[in-house]
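Given next are the chains, with one letter for each unit.
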Amino acid sequence: MLKRGRKTQISLVVGASIAALMFGATLSAWMIANRPRPTDPNSPPVLTRTPPTQADADPVLTRLAMMPVSQRASQLESIAQGSPSSSRNRARYLLATDLLRQGQAAKALSWLEGLEQEYPLLSAYVLSQQARAYGMSGNAAKAQATWQTLLQRYPNDPVAAEALYALGKIRPAYWDQVIQKFPAHPRSMDIARARLKQQPGRKDMLLLLANHAFYTPGIVGMLDQLVVRHALTLKPADWEAIAFAYWENLAYGKAGRAYLQAPTTALHRYRAARGIQLGGQGGQAFNLYQQMVRQFPGAPETALALRRMSRLAPTPLEGIAYLDQLIKQFPDRAAEAWAIKADTYEELKNTKAAAQARQLILTRYKNSEAAAEIRWERAWERAKVGDFLGAWKWAQPIASDVPQSKLAPEAAFWVGKWAARLSKYQESRTAFEYVLKQHPESYYAWRSAVALGMNVGDFTTVRQMNPPVSQPIQQPELLAGSATLKELHALGQSEDAWKLWQVEFKNPRKPTVAEQFTDGIMRLGVGDNLDGLYMVSSLADREDKADQAQYQSLRKQFDYWQALYPFPYMDLIRTWAQERQLNPMLVVALIRQESRFEQNIRSAVGAAGLMQVMPETGDWIASKINLKQFSLDDPNDNIKLGTWYLDYTHDEYQNHSLLAVASYNAGPGKVAEWVKKGGLDDPDAFVEDIPYDETRGYVKSVFENYWNYMRLYSPEVLAFQKQ
């Protein structure tokens, strides 16, 4: 994020220590000479694709569907003029939809003629496009007749909502049918909002939005109206919908109060207490937690409640009593409870009891995340005083005892670094290879790849690299939904696919793994990148064993990572990266971290758009490049200005991308202070010692993004993974 108060003139000479590595020249040469070969069993795991279905089995069409409209017309026409086939049908449909977007209704109709019979999977959609084309060309009578034909032939197809909506502009009774038959369809949301403008406060319309439009802007205000105007007549199921919508929009205090009125379940009672706690009412939350613990003693949410109560209890000793209850009732959460007990003993100045609690974790619960955290803390303490052997010994068991720990890749990487310091070169190599194989998506996998001599760019060489960017060959495969949904998605018809998915997605409050992944893909397709990425990334948080097994299987698929690291605005990013002589993978990595590709997003301090440019910084840059007019909400302008500033921060630090990226977040002045204080003899240690938690996490996230974009979109790295 480009911060306020940025100094416009920073002079910092970064000496030769920038390029110096912890290992020294001898080890660096040894690593390069012995880097993993493509056939090495410790090479990064190959990402596979799910078996193709529907249009995915048509590689030419799926490739064309991923291309910009202007670049595919001639190829589509060639296929559309060929012999009858499924490819021909798809090409005709794509041509027609492209032409409609360009306002060429007559040409679109020529490609749609007769397609309804030849393309049964999208027959209803063919009629819908025909009706749109007639309306666009000014033939209202023909448009209405085509909408009527669609209703007669496909009355239960969700696309019939479009026909009912269009006809309802003349006969309002049709709009009632939309809401009755397709309440979750986005057209029903349009109708509800239109009616609320005429009759503010209508309970039925507000409830419709609460149940089905929780993802739309302005919904919190609608929920507030519903609660204020109709609280006394709402049913428990209504309150559940209201509570969920508040929760999804981070209005936790309001959600908590609403969950109190919802049907009594362990989840609802926990969220009631937690929401009220987050709303700043700890005392009331504590009482609610107590009630749910008594009412649902064995529920998973009760374990969370006991943990919260341990922190909200009137005294630390009472808090410990709740932790003892947690250990007794939920043995699988015992290590976590003992860790909190140890911290509580520290607060009470009882260092002996704290040490005993931590030792118990290390002996009885050595396979727990809590044990990994203790080991890592002690390892880092040893490293800080130069005891690399002690650090190595403390950290080494983390990867083997707790392989799924969030600390495992970090610990294993530093095991490799410390082993090198101890001249244990084979152990060092083994540690780096472990990270690359077992945690290939992590920031530390990139650092391990660099240590092993792979040509993926280091802090001092990332900027100069100019890897070609490989266009994805197809959309990520959907795991849920109808054949029609998958066909629309594979053909890049994101808007229609999104609308259909709203009808097909029956249980958004408790989705399956397949449904949540599909929902994430659908959101990404319509530019809801913030929530789309959240839906995909939060699959990792599933605690149910069956769900976690499905997630672990999914994360081996290329489609999962492509969804998690999408590349929107590819052409703009490549253009401005080339103009600024920046690595395009670094630019997209920074954009993903800054804004999740949301062009209109605003930070708390006013940073705007994709690259989160502060308005005053934008003005300053514009004056430097003689840009008279610009809008930070325009992706082209925003990326133009943001890449200029990223180039500027690189120039300030002699193209050292670690310092340039840190400066982008914290400002060059702060980074200069950190370099002066700690030096750059070991850039990995510099990252760990960044005093700002936000900037330290930011740097790791940006370069983790960079590494994953290299894994997914660099032809060279892709080829390496496939060998």
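Look up a bit, the structure's there.
What counts, and at which threshold
- Residues numbered from 1 in each chain as written.
- Predicted model: local features only at pLDDT ≥ 70, side-chain atom pairs only at ≥ 80, totals over all residues.
- Heavy atoms only, no water.
- Phe/Tyr/Trp six-rings, centres within 6.5 Å; stacked < 30°, edge-to-face > 60°.
- Buried < 20%, exposed > 50% of the residue type's maximum accessible area, 1.4 Å probe, protein only.
- Helix = DSSP H or I, 4+ residues; strand = E, 2+ residues; numbered from the N terminus.
- Lys NZ or Arg CZ within 6 Å of the ring centre and 35° of its normal.
- Salt bridge = Lys/Arg side-chain N within 4 Å of Asp/Glu carboxyl O.
- 1 Å grid on protein atoms, 1.4 Å probe; cavity = no way out; pocket = protein on both sides within 12 Å on 5 of 7 lines; lining within 4 Å.
- Points joined across faces, edges and corners; volume = space filled by probe spheres on them.
- Nonpolar A, V, L, I, M, F, W, Y, C, P; charged D, E, K, R; others polar.

Engineer: I'm lost on the packing of aromatic side chains in this one. Help?
Structural biologist: The final tally for this structure, using the stated rule, is 38 aromatic pairs. Seen in terms of ring centroids, F413 and W414 are 5.7 Å apart; in terms of plane orientation they differ by 80°. Their pairing is edge-to-face. Taking relative accessible area as the criterion, F413 reaches 1% and is therefore assigned buried. Ring plane angle 85° and centroid distance 5.2 Å describe the contact between F459 and F703, whose orientation is recorded as edge-to-face. Placement of the pair is F459 in the loop between α26 (443-451) and α27 (483-490) and F703 in helix α40 (residues 693-713), with a sequence separation of 244 residues. The exposure class of F459 is buried, given its relative accessible area of 1%. When its relative accessible area of 0% is taken as the criterion, F703 is described as buried. Among the aromatic side chains, those forming a connected cluster through ring pairs are W376, W380, F413, W414, W418, F432, Y443, Y444, W446, F459, F703 and Y706. Across the ring face of W446, the terminal group of R447 is positioned such that the distance to the ring centre comes to 4.7 Å.

Engineer: Explanation requested: the pattern of salt bridges in the structure shown.
Structural biologist: Side chains carrying opposite charge are able to pair once their charged atoms draw close together. As enumerated under the stated definition, the model contains 40 salt bridges in all. Here D176 makes a salt bridge to R195, at a shortest N to O gap of 2.9 Å. Here D176 is found in helix α10 (residues 173-181), whereas its partner R195 is found in helix α11 (residues 186-198), with 19 residues between them in sequence. With a closest N to O distance of 2.8 Å, R358 and E346 form a salt bridge. Taken together, the residues span a long stretch of sequence, with R358 in helix α21 (residues 351-364) and E346 in helix α20 (residues 334-347) at a distance of twelve residues. Through salt bridges with shared partners, a single ionic network connects K417, R447, D458, D682 and D684.

Engineer: What is the right way to look at unusual backbone geometry in this model?
Structural biologist: Phi is positive for Q612, which is not a glycine, with a value near 50°. With respect to the element layout, Q612 can be found in the loop between α34 (584-595) and α35 (615-624). For Q612, a relative accessible area of 3% gives the class buried. Located in the positive-phi region is N655, a residue other than glycine, with phi close to 65°. Inspection of the secondary structure assignment puts N655 in the loop between α36 (635-652) and α37 (657-666). A relative accessible area of 21% places N655 in the partly exposed class.

Engineer: Where do I start with the layout of surface pockets in this structure?
Structural biologist: Regions of empty space are outlined by a rolling probe, equal in size to a water molecule, passed over the atoms. Roughly 470 Å³ of internal volume is contained in the second largest pocket. Surrounding the second largest pocket, 22 residues form its lining, K384, G678, A685, F686 and D689 being those nearest its centre. In terms of residue count, helix α38 (residues 668-678) provides more of the lining of the second largest pocket than any other element does, four residues in total. Taken together, the residues of the lining of the second largest pocket sort by class into twelve nonpolar, three polar and seven charged.

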